[in-house]
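Working through the structure, step by step
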Protein chains: 2
Amino acid sequence: MERTDPVPGHPHPADPVRRPASQAGMRRQNLALVMAAVADAGPLSRAAVAGRTGLTRAAVSSLVDELMTAGLVAERGPAPSGRVGRPGSALGPDPAGPAGLGLEVGVRHLAACLVDLTGTVRATARADHAPQDRDPADVLRQLADMAQELMDSHPSPTAGAALAVPGLVTPDGVVAHAPNLGWRQVPAAALLAERLPGVPLTVDNEANLGAQAERWLGTGCADAVHVSAEAGIGAALLVGGRLFRGVRGFAGELGHVPVHPDGEPCACGSRGCLERYAGAAAVVRAAGLREPAGDRVADLARRAARGEEPVLAALERAGVALGTALAGVVNLVDPAAVVLGGAYAELGDWLLPGMRREIRARVAVRPWDPGALTVSALGRRGPVLGAAMLTVRGVIEDPARYASAVAAR
Amino acid sequence: MERTDPVPGHPHPADPVRRPASQAGMRRQNLALVMAAVADAGPLSRAAVAGRTGLTRAAVSSLVDELMTAGLVAERGPAPSGRVGRPGSALGPDPAGPAGLGLEVGVRHLAACLVDLTGTVRATARADHAPQDRDPADVLRQLADMAQELMDSHPSPTAGAALAVPGLVTPDGVVAHAPNLGWRQVPAAALLAERLPGVPLTVDNEANLGAQAERWLGTGCADAVHVSAEAGIGAALLVGGRLFRGVRGFAGELGHVPVHPDGEPCACGSRGCLERYAGAAAVVRAAGLREPAGDRVADLARRAARGEEPVLAALERAGVALGTALAGVVNLVDPAAVVLGGAYAELGDWLLPGMRREIRARVAVRPWDPGALTVSALGRRGPVLGAAMLTVRGVIEDPARYASAVAAR
DNA sequence: CTAGTTTGTTTTCCGCCTTTACGAATAGAG
DNA sequence: CTCTATTCGTAAAGGCGGAAAACAAACTAG
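Everything quoted here is computed from the prediction, not taken from an experiment.

Considerations on the nonpolar core
What tends to happen in soluble globular proteins is that the nonpolar side chains get buried as a cluster. Core analysis: the biggest nonpolar cluster contains 98 residues, and Leu254(A), Tyr344(A), Leu254(B) and Tyr344(B) have the highest contact counts within it. Not counting residues up to four positions away in its chain, the partners in contact with Leu254(A) are Val227(A), Ile233(A), Gly234(A), Ala235(A), Leu274(A), Leu326(A), Val329(A) and Leu332(B).

With respect to the packing of helix H1 (residues 23–40) of chain B against helix H2 (residues 46–53) of chain B
Residue and element names in this part refer to chain B. Between H1 and H2, the least distance of the axes is 10 Å, while the angle of their chain directions is 115°. Viewed along their axes, H1 and H2 adopt a mutual orientation that is roughly perpendicular. Crossing of H1 against H2: the hand is right-handed. Contacts between H1 and H2 pair Leu33, Val34, Ala37 and Val38 from the former with Val49, Arg52 and Thr53 from the latter. Residues that form the contact of H1 with H2 fall into these classes: five nonpolar, one polar and one charged.

Topic: the protein's contact with DNA strand D
Taken together, 26 residues lie around DNA strand D, and Gln23(A), Ala47(A), Ser61(A), Gln23(B) and Arg27(B) are the ones closest in. Between DNA strand D and Ala47(A) there is a distance of 2.7 Å, counted from a phosphate oxygen to a backbone nitrogen or oxygen. Put simply, the parts of the chain that give the surface near DNA strand D at least two residues each are helix H2 (46–53) and helix H3 (57–69) of chain A together with H1 and helix H3 (57–69) of chain B. Per element, the largest residue contribution to the surface near DNA strand D is four residues, and it comes from H1(B).

Comments concerning the environment of Val174(A)
Residues and elements named next belong to chain A. Note that Val174 resides in the loop between strand E7 (168–169) and strand E8 (175–178). Val174 sits in the buried class, given a relative accessible area of 16%. Note: C-alpha distance between Val174 and Asp204 (30 residues apart in sequence) is 9.2 Å. Here Val174 is in contact with Leu168, Val169, Gln185, Val186, Pro187 and Ala188, once residues within four sequence places are set aside.

With respect to the interface of chain A and chain B
In many reports, interface size means the accessible area that the parts give up when they come together. With 71 residues of chain A in contact, the opposing surface of chain B contributes 71 residues. Across the chain A/chain B interface, buried area totals approximately 6100 Å², and carbon plus sulfur atoms make up 59% of it. A salt bridge links Asp334(B) to Arg248(A); its shortest N-O distance comes to 2.5 Å. On the surface where chain A and chain B come into contact, there are 28 residue pairs in polar contact (both at pLDDT 80 or more). Within the residue set of the side of chain A that touches chain B, elements represented by two or more residues are helix H1 (23–40), strand E12 (234–239), strand E13 (242–244), helix H10 (309–333) and helix H11 (348–362) of chain A. Looking at the side of chain A that touches chain B element by element, the count peaks at six residues for H10(A).

As for the pairing of strand E2 (residues 89–93) of chain A
In regular strands, side chains alternate between the two faces of the sheet. Residue and element names in this part refer to chain A. Among the five residues of E2, five are classified as buried, and the element is accordingly described as predominantly covered. In this sheet, E2 lies alongside strand E1 (residues 73–78) in antiparallel orientation, the contact comprising four bridges. Bridge assignment links Pro78 to a residue of E2, and that residue is Ser89.

Side note on the protein's contact with DNA strand C
Close contacts around DNA strand C come from 25 residues, with Arg27(A), Arg86(A), Arg57(B), Ser61(B) and Ser89(B) the closest. Sugar plus phosphate: this is where 63% of the atoms of DNA strand C within 4 Å of the protein reside. Interatomic distance of 2.9 Å between a side-chain N/O atom of Asn30(A) and a phosphate oxygen of DNA strand C. Arg57(B) is positioned with one of its side-chain polar atoms (N or O) 2.7 Å from a base oxygen of DNA strand C. Elements supplying a minimum of two residues to the surface near DNA strand C: H1 and H3 of chain A together with H2 and H3 of chain B. In terms of residues, the surface near DNA strand C owes the most to one element, H1(A), which gives four residues. Broken down by class, the residue content of the surface near DNA strand C amounts to nine nonpolar, ten polar and six charged.

Focus: the pattern of salt bridges
Counted according to the given criterion, the structure contains 48 salt bridges over all chains. Note that Glu346(A) and Arg380(A) form a salt bridge whose closest N and O atoms lie 2.7 Å from each other. Taken together, the residues Glu346(A) in the loop between strand E14 (337–341) and H11 and Arg380(A) in the loop between strand E15 (373–375) and helix H12 (382–397) connect sequence positions 34 residues apart. Judged by its relative accessible area of 35%, Glu346(A) falls in the partly exposed class. Put simply, Glu308(B) and Arg306(B) hold a salt bridge, and the shortest N to O gap is 3.0 Å. One connected set of salt bridges, linked through shared partners, spans Asp299(A), Arg302(A), Arg303(A), Arg306(A) and Glu308(A).

Some remarks on the packing of aromatic side chains
Taken as a whole, this structure holds zero aromatic pairs over all chains when the rule is applied. Above the plane of the ring of Phe250(B) lies Arg366(A), whose end atom (NZ or CZ) is 5.2 Å from the centre.

Let's talk about the state of the cysteines
One pass over the full model with this rule turns up zero disulfides over all chains. Among the cysteines around Cys268(A), which has no disulfide bond, Cys273(A) carries the closest sulfur, lying 3.6 Å off.

A word on the packing of H1(A) against H3(A)
All names here are of chain A. Two elements in contact, H1 and H3, have axes whose closest approach is 10 Å; the angle formed by their N-to-C orientations is 80°. Relative to H3, H1 is oriented roughly perpendicular. From H1, Arg27, Asn30, Leu31, Val34 and Met35 reach across to H3, where they touch Ser62, Leu63, Val64, Glu66 and Leu67. The residue inventory of the contact of H1 with H3, partitioned by class, reads six nonpolar, two polar and two charged.

As for the sheet that holds E15(A)
All names here are of chain A. Spatial strand order, E13-E12-E11-E14-E15: five strands in an open sheet with mixed pairing. This sheet does not close on itself; its edge strands, each paired only once, are E13 and E15. Shown here is a sheet whose adjacent strand axes are inclined to one another by a mean of 30°, direction ignored. Looking at chain direction, E12 and E13 are connected through three bridges and run antiparallel. By the bridge assignment for E13, Val239 is matched with Arg242. Across the sheet, helix H6 (residues 206–217) touches strand E11 (224–228), E12, E13 and E14, and the angle it forms with E12 is around 40°. Each of E14 and E15 is contacted by H11, which is oriented at about 170° to E15, the strand it contacts most.

Thoughts on the environment of Ala280(A)
All names here are of chain A. Counting through the fold element by element, Ala280 comes out in helix H8 (residues 280–286). The class for Ala280 is buried, based on a relative accessible area of 0%. Sequence separation between Ala280 and Pro353 is 73 residues, and the spatial gap between their C-alpha atoms is 18 Å. In this structure, Ala280 is in contact with Glu230, Arg296 and Tyr344, ignoring residues within four places of it in sequence.

Looking at the domain arrangement of chain A
All names here are of chain A. For chain A, the assigned domains are domain 1 (23–93), domain 2 (99–211 + 383–408) and domain 3 (220–376). The straight-line distance from the C-alpha centre of domain 2 to that of domain 3 is 27 Å. Taken together, the contact between domain 2 and domain 3 spans nine residues of the former and 13 residues of the latter. Considering only the side of domain 2, the residues that lose the most area to domain 3 are Arg108, Asn208 and Ala211, jointly responsible for 44% of the buried surface there. Remark: the boundary between domain 2 and domain 3 carries one salt bridge. Arg245 is the partner of Asp204 in a salt bridge, and the nearest nitrogen-oxygen pair spans 2.6 Å. Applying the counting rule to domain 2 against domain 3 returns one residue pair in polar contact (both at pLDDT 80 or more). Ranked by residue count, the leading element in the side of domain 2 that touches domain 3 is H6, at four residues.

What to know about the relation of the copies chain A and chain B
Mapping chain A onto chain B calls for a rotation angle of 180° and an axial translation of 0.0 Å; the resulting RMSD is 0.0 Å. On the angle and the small slide along the axis, the relation comes out as a two-fold axis. Looking at the interface residues of chain A, 100% of them are also at the interface in chain B, so both copies use one shared face.

Calculation notes
- Residues numbered from 1 in each chain as written.
- Chains lettered and ligands numbered in written order.
- Predicted model: local features only at pLDDT ≥ 70, side-chain atom pairs only at ≥ 80, totals over all residues.
- Heavy atoms only, no water.
- Core = buried A, V, L, I, M, F, W, Y, C linked by side-chain atoms within 4.5 Å.
- Buried < 20%, exposed > 50% of the residue type's maximum accessible area, 1.4 Å probe, protein only.
- Contact = heavy atoms within 4.5 Å.
- Axes fitted to C-alpha atoms, helices over the stretch in contact; angles between N-to-C directions.
- Helix = DSSP H or I, 4+ residues; strand = E, 2+ residues; numbered from the N terminus.
- Parallel < 35°, antiparallel > 145°, perpendicular 65-115°, else oblique.
- Left-handed = near helix turned anticlockwise from the far one by under 90°.
- Nonpolar A, V, L, I, M, F, W, Y, C, P; charged D, E, K, R; others polar.
- Near = heavy atom within 4 Å.
- Polar contact = N/O pair within 3.5 Å; in protein donor to acceptor, adjacent residues only side chain to side chain.
- Buried area = accessible area lost by both parts, 1.4 Å probe.
- Salt bridge = Lys/Arg side-chain N within 4 Å of Asp/Glu carboxyl O.
- Pairing = 2+ DSSP bridges.
- Phe/Tyr/Trp six-rings, centres within 6.5 Å; stacked < 30°, edge-to-face > 60°.
- Lys NZ or Arg CZ within 6 Å of the ring centre and 35° of its normal.
- Disulfide = S-S within 2.5 Å.
- Domains from an automatic or database assignment.
- Least-squares fit on C-alpha atoms with pLDDT ≥ 70 in both.

This is the structure in structure tokens:
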């Protein structure tokens, strides 16, 4: 068997450096180091950056100069430290610097938002829609128009955009299959790029982006399993702060992990898959309800809050099934946190007890902190925010690339 | 939740560079680049190394000089290429360079071996023993004596040693628990280091080392799940060529992944864990046999080869259980290969069919190549070889560290 | 034997970080 | 208020490492 090459566009998680180290690369890396320090550790003087990164003050000065002329870092005037000595001038990510555009095609809505380098949401837009009745190209046209309006109303440049979609996306930005949208083989990246010229565009699964949002704006945990249900059930794996996609990009398919090997048949042809017990459709069915006209999860939450017995029982059962599957996951990847995200976060009150019980019982051989299982702080807004943050983090983690891209124009 | 720091001694799989890039680091990295090219791509001229790595010929010359004076690379005389032009002189890892020492405490044997920089096994030693009846310190003394003899009979220096143990090992080299040896809290690293002065020592789980041996000497696959059963059932996860250990180093605990949530009670307090269906002890019991005096797995293989019906049925059942658990793993981490290693490799003929069937049925939503499930080529020798290769690869992947360690003496 | 080609080394140059030194700006002591 | 100690940012010199270009060496082809 040959050495497995990473999927293009989806860099391998533990990509070893296989190219020569040059001074250019050294500079690039140190620019990133300084940029990350300034962005992550709040306002910092040059001397503080030097202390934190291990670089000398002289080197930091030079690097900061370059970042300032690139419009990525801004001086916020002198910062009275209270201590003896000349005060340093506080540096921070430039709020007028490049922003990231987040886009989302949801099952019942479109959303867009702009996030600046400081991680602040600067503008949002939202629209309801019913994608099943419309041509995908038409939907994306509308979304592009919303985005254009946002960008027009915002002074700073847009460094890039990302689109969150509830479905399987290939590395080249084609939505292979999004059952809840009724999309198949939709070249979303190409269609959007047409109407958003000059803006680098990425398309990814909504769960993946939601998981990264959680890391960047939520708990900040770098090694987590982010469970996102509703359509399929996906588990985005965060390893050392990076998304783990597997060799072909199919990692995290939790929906068809077997929980009752001889149980109910699943649409996939097998039996007893998690989806049959914890998927939104399965829960609705188990609760004896008809498919609601509106939002399935919201409907379940409403009924559960009202105390409807069959709904409570169905959610309990779903929680236990989720817990069983997640026990396997925890045994296998030993994460620091397990987060219930996406729409299912709203059902946390009823799902978590069963999940916690199961995981605790089945991870007995290793220490397991029940507090490691939590509900997403971002919930449904995770994917759009993550999409916007994706380009923001891209700029922060490789400012040289952004600077040279700007210089090329 | 704070950013999770990696366990000391067990580096985080996706460790981002958090320190400044310096010219020293640059040199270090390029030395490693050249060393890896020379070691992995066979005999290569300087010009070929330059072409392969992207460095200039001049830079390669300088780097190779340094590696040669460090005794890591050797010239093998002119290599007539047959093509026009001056022939290059072939470079290879120096066979007289530092060797790696592999050590193993097995359930019924001790083993040691020396592997040189080319990956060739230069010497081996083996002894039977019954660890249950002996003091761990005594066992390790004997092993150290075997190792010393090996090193004395071998001219080249030993760069380091690694010990493979069938149990849970903490990052500081303490065997926390090895049920099959009857060991608990044995400070193996300290005990061995006492008798092997001057040799850097690592201790790790046998399955982890076996999995890496498979990558370095076997299939070469960089993204694999290496299943190793017998005592507990462990799955070593290889991600991008690196071992994935999880946040606290507990990743890969396959034995307690639930396969029949309401099934037979397990020693861990839960129910239906994989170990209850596919562990060697469970198979022996299911086959209606008594615990054999000798090797459990070898006994099963013998009986299965003879066609004993109950044994065949028990193995079939174990294969199905393994397949169910691995289907979950494949769905979750999307590996390029699944390898059945360790002692269980000898049962492959009877386990694989059931495993293959289950995985195929339960990974239906994604493409899955049945050929990706294989039996280890190294089998029981994997752990020792992996242990020896660990230091060899350490030297190849960071030759500067070895060179400076030698210079310090 | 000559022309052409490839290899390995030497030389020059450039970029980047470090070291060292210096002016600037503050707090605290007298 | 002045002086000193301290810290910050910058500037100049130095060292190191790779890139580019040039050159000698060794081989094939005619």
